[in-house]
Amino acid sequence: MSDSEDDVGPMPPAPKRRKVLEFERVYLDAMPTGQMYERSFMHVETVTHVAATKTDFIVTASKEGVVKFWKKRPADVEFVKRFYAHVGPIVDMCVSADGNWLATVGNDQTAKVFDVLNFDMINMTKLDFTPSACCWVHRQGTASTKLAIASA
């Protein structure tokens, strides 16, 4: 039995030679550094709703169904969290009087409730209709808050 009979399968292909561009070093040296870039937290689509809370947050919603939380600071605004809240446009958005709760309704026939201070979605409700508006309803001096949702 010869050594060639002990081999199993074809031999691996020879490694490919890397193509070197004519002015590759010039291109690499001219490439901007990371300090020249910044990360964008902008919405991809049109911003449709903006709300400011008593708890120093700004909440934005956009045409693609995204809700973003921003923290107001003395010198600027800091991005906090993003939610892909609805499939499709957000129809309406409202903040409770105390600034603790946020509600959104969308064309996907859902209502979403968020805890603003903890940046968390706490409730999702599937509706039997397409909503057109939402509003927090409360009596002055009472602890309970209710969400009213209307259709067109």
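Right, let's walk through the structure included here. (Residues numbered from 1 in each chain as written. Predicted model: local features only at pLDDT ≥ 70, side-chain atom pairs only at ≥ 80, totals over all residues. Heavy atoms only, no water.)

Let us look at the overall build of the protein chain. Looking only at helices and strands, the protein chain features two helices and 10 strands. Element order for the protein chain, N to C, with α for helix and β for strand: α-α-β-β-β-β-β-β-β-β-β-β. In the protein chain, buried positions account for 30% of the 152 residues. Considering only intrachain contacts with a sequence separation of at least 6, the fraction spanning at least 24 residues in the protein chain is 31%. Accessible surface, the protein chain: about 11100 Å² in total, of which carbon and sulfur atoms supply 56%. (Helix = DSSP H or I, 4+ residues; strand = E, 2+ residues; numbered from the N terminus. Buried < 20%, exposed > 50% of the residue type's maximum accessible area, 1.4 Å probe, protein only. Contact = heavy atoms within 4.5 Å. Areas by Shrake-Rupley, 256 points an atom, 1.4 Å probe, with all protein chains shown as cover.)

Judged by nonpolar contacts, the single largest core of 13 residues is most densely connected at Val-59, Val-67, Phe-69, Phe-83, Met-93, Leu-102 and Phe-114. Per-element accounting of this core gives the leading share, three residues, to strand β2 (residues 57-62). Every residue in contact with Phe-83, bar those within four places of it in the chain, is listed here: Gly-65, Val-66, Val-67, Phe-69, Phe-114, Phe-119, Asp-120 and Met-121. Ranked by size, the runner-up nonpolar core spans eight residues in total, among them Ala-103, Val-105, Ala-111 and Val-113. (Core = buried A, V, L, I, M, F, W, Y, C linked by side-chain atoms within 4.5 Å.)

Along the polypeptide, Val-47 turns up in strand β1 (residues 47-52). In this structure the C-alpha to C-alpha distance between Val-47 and Gly-65, which are 18 residues apart in sequence, comes to 9.7 Å. Residues contacting Val-47, with those up to four places away along its chain left out, are Thr-60, Ala-61 and Ser-62.

Adjacent strands of a sheet pair through backbone hydrogen bonds, lying either parallel or antiparallel. Read across the sheet, four strands follow the order β5-β6-β7-β8 without closing on themselves; strand pairing throughout is antiparallel. The open sheet terminates on both sides in strands that have one partner only, identified here as β5 (90-95) and β8 (120-126). Strand-to-strand twist of the sheet, defined as the mean angle between neighbouring strand axes without regard to direction, takes the value 15°. The pairing of strand β6 (residues 101-106) with strand β7 (residues 110-115) spans five bridges and is antiparallel. Along β7, the bridge assignment pairs Leu-102 with Phe-114. (Pairing = 2+ DSSP bridges. Axes fitted to C-alpha atoms, helices over the stretch in contact; angles between N-to-C directions.)

On the surface, Leu-21, Phe-23, Val-26 and Tyr-27 cluster together into a nonpolar patch covering about 420 Å² of accessible area. Residue placement: Tyr-27 occurs in helix α2 (residues 24-30). Overall, the relative accessible area of 51% leaves Tyr-27 in the exposed class. (Patch = residues over 30% accessible without salt bridge, like charges linked within 9 Å, V, L, I, M, F, W, Y side chains within 5 Å. Salt bridge = Lys/Arg side-chain N within 4 Å of Asp/Glu carboxyl O.)

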